[in-house]
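# Structural features, examined
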Amino acid sequence: MDVVLFLLFASVAVGCAINLVLQTHPISSALSLIGVMGSLAVLYLLLGGEFIAAVQLIVYAGAIMVLFVFVIMLLNAGAEKRPTRKVLRTAVALPLLFTLAGVGAWLAATQTPKTDAVKFGAYTAGPAEVGRAIFTSYLLPFEVTSILILIAILGAIVLARKEI
Amino acid sequence: MEFIIITLVKMALTAFVLLTACAYLVWIERKVLAHIQLRPGPYFVGPHGLLQPLADLIKLLTKEGVVPASVNPFFYLLAPFLAVTLGLTSIVVIPFTPEFEIFGVKTAMGLTDLNIAVLFVLAISSLGVYGIAIGGWASNNKYSLMGGLRSASQMISYELPLALAIVAPLLLMNTLNFRTIIEAQSGYWFGVIPKWNVFAMPVPQIFSFLIFMTAGFAETNRVPFDLPEAESELVAGFHTEYSSMMFASFFMAEYANIITICCVATVLFLGGWHPLWPAGYGSDLVPPLLLAAAGAMLLFHAGQAVRWRSWDRFSFPVIGVIFLGLSGFFFIPLLKPILVPLFWFLLKAGFLIFVFIWIRGTLPRFRYDQLMRFAWTFLFPVAVVNLLVTGLLVALAGN
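Residues numbered from 1 in each chain as written. Chains lettered and ligands numbered in written order. Predicted model: local features only at pLDDT ≥ 70, side-chain atom pairs only at ≥ 80, totals over all residues. Heavy atoms only, no water.

### Observations concerning the overall build of chain B
Threshold: Runs of E in the DSSP output that reach at least two residues are strands. Runs of H or I that reach at least four are helices, and both are numbered from the N terminus. Think of it in three bands: residues with accessible area under 20% of the maximum for their type are buried, residues over 50% are exposed, and the middle band is partly exposed, with areas taken using a 1.4 Å probe on protein chains only. Whether two residues are in contact is decided by their heavy atoms, any of which lying within 4.5 Å being enough. Note that accessible areas follow from Shrake-Rupley with a 1.4 Å probe, and for residues the cover is restricted to the protein chains shown. Charged residues are defined here as Lys and Arg on the positive side and Asp and Glu on the negative side; His and the ends of the chain fall outside this count. In this description, the location of a charge corresponds to atom NZ of lysine, CZ of arginine, CG of aspartate or CD of glutamate.
In terms of helices and strands, chain B carries 14 helices and four strands. Across its three principal directions, the C-alpha atoms of chain B cover 90 × 55 × 55 Å. Within chain B, the fraction of its 399 residues that count as buried is 43%. In chain B, 78% of the contacts between residues at least 6 apart in sequence involve partners at least 24 apart. Surface summary for chain B: the accessible area is close to 21000 Å², and the carbon and sulfur share equals 75%. For chain B, the distance from the average site of its 21 positive side-chain charges to the average site of its 19 negative ones is 8 Å.

Pasting the structure below:
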């Protein structure tokens, strides 16, 4: 059951990700990205991290992507034009894609440390555990990230103010 | 001179009579048209209008579902589907009764018991905006697009105070599981005041409750926050182009969301299935007494049915006897531990739903800038202060 669900949602995630690149209309791409986020949430759920799954949905699918869709709708962005000379581009791109995939697979197979197989439902980290980890072992990265986000927000305000 | 005065009086009189006649002509037109078109109103379809929803369903099902030209059909059809699916999903985590044993099976009313039920509800409600936003965009209509945009910005804005209002009682509860949250609210202060979160010590969550309900009105696009479908500006907003069951899907999603919001408020703030006063003072007797009183009243009124509603002579006694029979169910020992908590839960949730309808009949709609200013300059800061005060008091009481 777990394996079936994993294969189903892993393929949905990959399918949506490919669709995201292939679609010409921004809204279609944004919705594909939401599909990727949702499938990832299900994969987290399969691993047992229900808290992380819920946060994934709330933050990415529910907040960030809503803003993406909002901006696309507000600007009323139309479909982009397909590039011309398709055959030539494909002929160059396909070998490069396979080379990249091959090198990536080789690096992943040789360079990463050998670990045990991932087990379904083995990573049950509730909100209490995540909170404790953030505020003890990972306090510095957490604070640095929040300052980074604060700077980004300030930057956005500064950039936007010029146009007001 | 005399002539002028008489003429002035005549003019004033004429203007007065004409204007009054105009005003009353509108009334006469409405009355006459209503009689000509035999519009009996929802009260008369079936006994007491009970069959009106069925009539609406048949009407909507048999209507043609128009997909306008030059829309994107995939997104156009996806939007109502998304809205109704997400609207109906959140209810699965609501626990309606405590665990009970019936015919040797241990179960409870409520579909699942998630450890992160609160977050699940937040996640589903944060996704709910896509149905409306995509529907508004895919309709290829400027009014629909405005409705979708308004809905998206409104739901993003009001989700923050909503979530912050939920966090405050969670600080007291220390869990995200709805069943545990309700169980922690059992008991009574001084033996009479229920230990619900709105009355919780050290800090009563009454402000969180009010913020939650206000943001809930905005999340469900209800009056006074129904800007996405403001009919005087946007025709019908995001569902202008929708017809038939696609329109009904949006409609059902809105009402499903209202039910969910009211159930969540009942769980988080009003103690779920715990009665208003202890069972020792007879709170278990309230549901059978209410039902018996309703039954007795119907039997009494059956003898006084007015001439033009003669079917009351048959329907009132039948429904009255059914009510009396229902009140008997509350005394069956096997069913009592299920029905009494269920009654209290549904009573509280039902009252909150009534408030939703009450507000709709009472308040006018906000203007769009008022809506945004209210969210960001009033509701959000109040929610933050409320959360900080709650956290401070919980920390002080904890030490």
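What follows continues from the structure just given.
### Points about the interface of chain B and chain A
Under the convention used in this document: What counts as buried area is the accessible surface, traced by a 1.4 Å probe, that two parts surrender upon association, with contributions from both included. A pairing counts as a salt bridge when a side-chain nitrogen of Lys or Arg comes within 4 Å of a carboxyl oxygen of Asp or Glu. In the analysis that follows, any N or O atom pair within 3.5 Å is treated as a polar contact, provided that within protein one partner can donate a hydrogen and the other can accept it, and provided that, for residues neighboring in sequence, both atoms belong to side chains. Residue type decides the class: Asp, Glu, Lys and Arg count as charged, Ala, Val, Leu, Ile, Met, Phe, Trp, Tyr, Cys and Pro as nonpolar, and the leftover types, Gly among them, as polar.
Counting from both sides, the interface comprises 21 residues of chain B and, opposite them, 21 residues of chain A. When the buried area of chain B at its contact with chain A is split by residue, Tyr130, Trp137 and Leu149 of chain B rank highest and sum to 31% of it. For the interface between chain B and chain A, the tally reads zero salt bridges. Here chain B is connected to chain A by two residue pairs in polar contact (both at pLDDT 80 or more). Broken down by secondary-structure element, the contributors of at least two residues to the side of chain B that touches chain A are helix H4 (117-127), helix H5 (129-138) and helix H6 (142-173) of chain B. If you tally residues by element for the side of chain B that touches chain A, the top one is H6 of chain B, at seven residues. Looking at the side of chain B that touches chain A residue by residue, the class counts come to 16 nonpolar, four polar and one charged.

### Observations concerning the packing of H4 of chain B against H6 of chain B
Residues and elements named next belong to chain B. This is how it is decided: For helices, the fitted line uses only the C-alpha atoms of the stretch in contact; every axis is such a line through C-alpha atoms, and the angle between N-to-C directions lies from 0 to 180 degrees. Throughout, the term roughly parallel applies to angles under 35 degrees, roughly antiparallel to angles over 145, roughly perpendicular to angles from 65 to 115, and oblique to all others.
Contact geometry for H4 and H6: axes closest at 11 Å, N-to-C directions at 175°. As the angle between them shows, H4 and H6 are arranged roughly antiparallel. Where H4 approaches H6, its residues Val118, Leu122, Ser125 and Ser126 are matched on the opposing element by Met155, Glu159, Leu162, Ala163, Ile166 and Leu170. Residues of the contact of H4 with H6, tallied by class, amount to seven nonpolar, two polar and one charged.

### Describing the confidence of the model for chain B
Residue and element names in this part refer to chain B. Note the threshold: The score called pLDDT rates the predictor's confidence residue by residue, from a low of 0 to a high of 100.
Per-residue confidence for chain B averages 80 on the pLDDT scale, and 94% of its residues sit at or above 70. Here helix H9 (residues 231-234) stands out as the least confident element of chain B, with mean pLDDT 70; helix H8 (residues 206-219) is the most confident, with 87. We note a pTM of 0.80 for the whole complex and an ipTM of 0.77 for its interfaces.

### Considering unusual backbone geometry
A positive phi angle is found at Asn174 of chain B, which is not glycine, with a value near 65°. Topologically, Asn174 of chain B is positioned in the loop between H6 and helix H7 (178-184).

### Notes on the state of the cysteines
How we decide: When two cysteine sulfur atoms lie within 2.5 Å, the pair is treated as a disulfide.
Scanning the entire structure with this criterion turns up zero disulfides over all chains. Left unpaired, Cys263 of chain B is separated from the closest cysteine sulfur, that of Cys262 of chain B, by 7.1 Å.

### Let's talk about a nonpolar patch on the surface
Filter applied, for reference: Within the patch definition used here, like charges are joined within 9 Å and nonpolar side chains (Val, Leu, Ile, Met, Phe, Trp, Tyr) within 5 Å, considering only residues with over 30% relative accessible area and no salt bridge.
Taken together, the side chains of Tyr24, Leu25, Trp27, Ile28, Val32, Leu33 and Ile36 of chain B define a hydrophobic patch exposed on the protein surface, amounting to about 720 Å² of accessible area. Inspection of the secondary structure assignment puts Trp27 of chain B in helix H1 (residues 2-36).

### Some points on the confidence of the model for chain A
Mean pLDDT over chain A stands at 84; residues scoring 70 or higher make up 96%. Across chain A, helix H6 (residues 139-161) of chain A holds the top mean pLDDT of 90, while helix H3 (residues 50-75) of chain A sits lowest at 84.

### Description of the packing of aromatic side chains
All names here are of chain B. In plain terms, the rule: Within 6.5 Å between ring centres, the rings of Phe, Tyr and Trp (the latter by its six-membered ring) count as paired, and their orientation is classed by plane angle as stacked under 30 degrees, edge-to-face over 60, tilted in between.
A full pass over the atoms with the stated rule returns 16 aromatic pairs over all chains. Plain terms: the ring middles of Phe217 and Phe356 are 4.1 Å apart, the flat faces sit at 20° to each other, and that makes the pair stacked. With Phe217 in helix H8 and Phe356 in helix H13 (residues 336-362), the pair connects residues that are 139 residues apart, well separated along the chain. Of the two residues, Phe217 and Phe356, both sit in the buried class. Clustering of aromatic rings is evident, with ring pairs tying together Phe74, Phe75 and Trp137.

### Digging into helix H10 (residues 244-269) of chain B
Residue and element names in this part refer to chain B. Note the cut-off: Expected helix span is taken as 1.5 Å per residue step, with the number of steps being one fewer than the number of residues.
With 26 residues, H10 extends 38 Å between its outermost C-alpha atoms, agreeing within 8% with the 38 Å of an ideal straight helix rising 1.5 Å per residue. Buried residues dominate H10, accounting for 19 of its 26 residues. One or two positions beyond H10, positive phi appears at Gly271, with a value near 75°.

### A word on the nonpolar core
Heads up, the rule is: Take the buried Ala, Val, Leu, Ile, Met, Phe, Trp, Tyr and Cys residues and link them wherever side-chain atoms come within 4.5 Å; each set so joined is a nonpolar core.
Within the largest apolar cluster, 58 residues are counted, with the highest numbers of intra-cluster contacts made by Phe178, Phe212 and Phe345 of chain B. Listing elements by their share of this core, those giving two or more residues are H3 of chain A together with H4, H6, H7, H8, H10, H13 and helix H14 (368-398) of chain B. Considering each element in turn, this core owes the most residues, nine residues, to H10 of chain B. For Phe212 of chain B, the residues in contact, after removing those within four places along its chain, are Leu162, Ala165, Ile166, Ile261, Val264, Ala265 and Phe269 of chain B.

### Some details on H5 of chain B
The buried fraction of H5 of chain B is high, at 10 of 10 residues. Looking at the packing, one finds that the buried side of H5 of chain B touches helix H2 (26-47) and H3 of chain A together with helix H3 (73-89), H4, H6 and H10 of chain B. A positive phi of about 60° marks Asn140 of chain B, the residue just after H5 of chain B.

### Structural notes on the packing of H3 of chain B against H5 of chain B
The axes of two packed helices give the description: the angle between them and the distance between them. All names here are of chain B. Just so we agree on the cut-off: Take the far helix as the reference: if the near one is turned anticlockwise from it by less than a right angle, the crossing is left-handed, and if turned clockwise, right-handed.
Between H3 and H5, whose axes approach to 8 Å, the crossing angle comes to 160°. Taken together, H3 and H5 sit at an angle that is classed as roughly antiparallel. Crossing geometry of H3 relative to H5 is assigned as left-handed. Across the interface between the two elements, Phe75, Tyr76, Ala79, Leu82 and Ala83 of H3 pack against Tyr130, Gly131, Ile134, Gly135, Trp137 and Ala138 of H5. Tallied by class, residues from the contact of H3 with H5 come to nine nonpolar, two polar and no charged.

### Here's the deal with the pattern of salt bridges
All names here are of chain B. A complete count under the given rule lists two salt bridges over all chains for this structure. Arg367 serves as the salt-bridge partner of Asp369, at 3.0 Å between the closest nitrogen and oxygen. For Asp369, a relative accessible area of 32% gives the class partly exposed. We note a salt bridge from Asp369 to Arg373, for which the minimum N-O separation is 3.5 Å. Here Asp369 pairs with Arg373, and both are found in helix H14, just four residues apart, close to one helical turn. On the accessibility criterion, Arg373 (49% relative accessible area) is partly exposed. Overlapping salt bridges bring together Arg367, Asp369 and Arg373 as one network.

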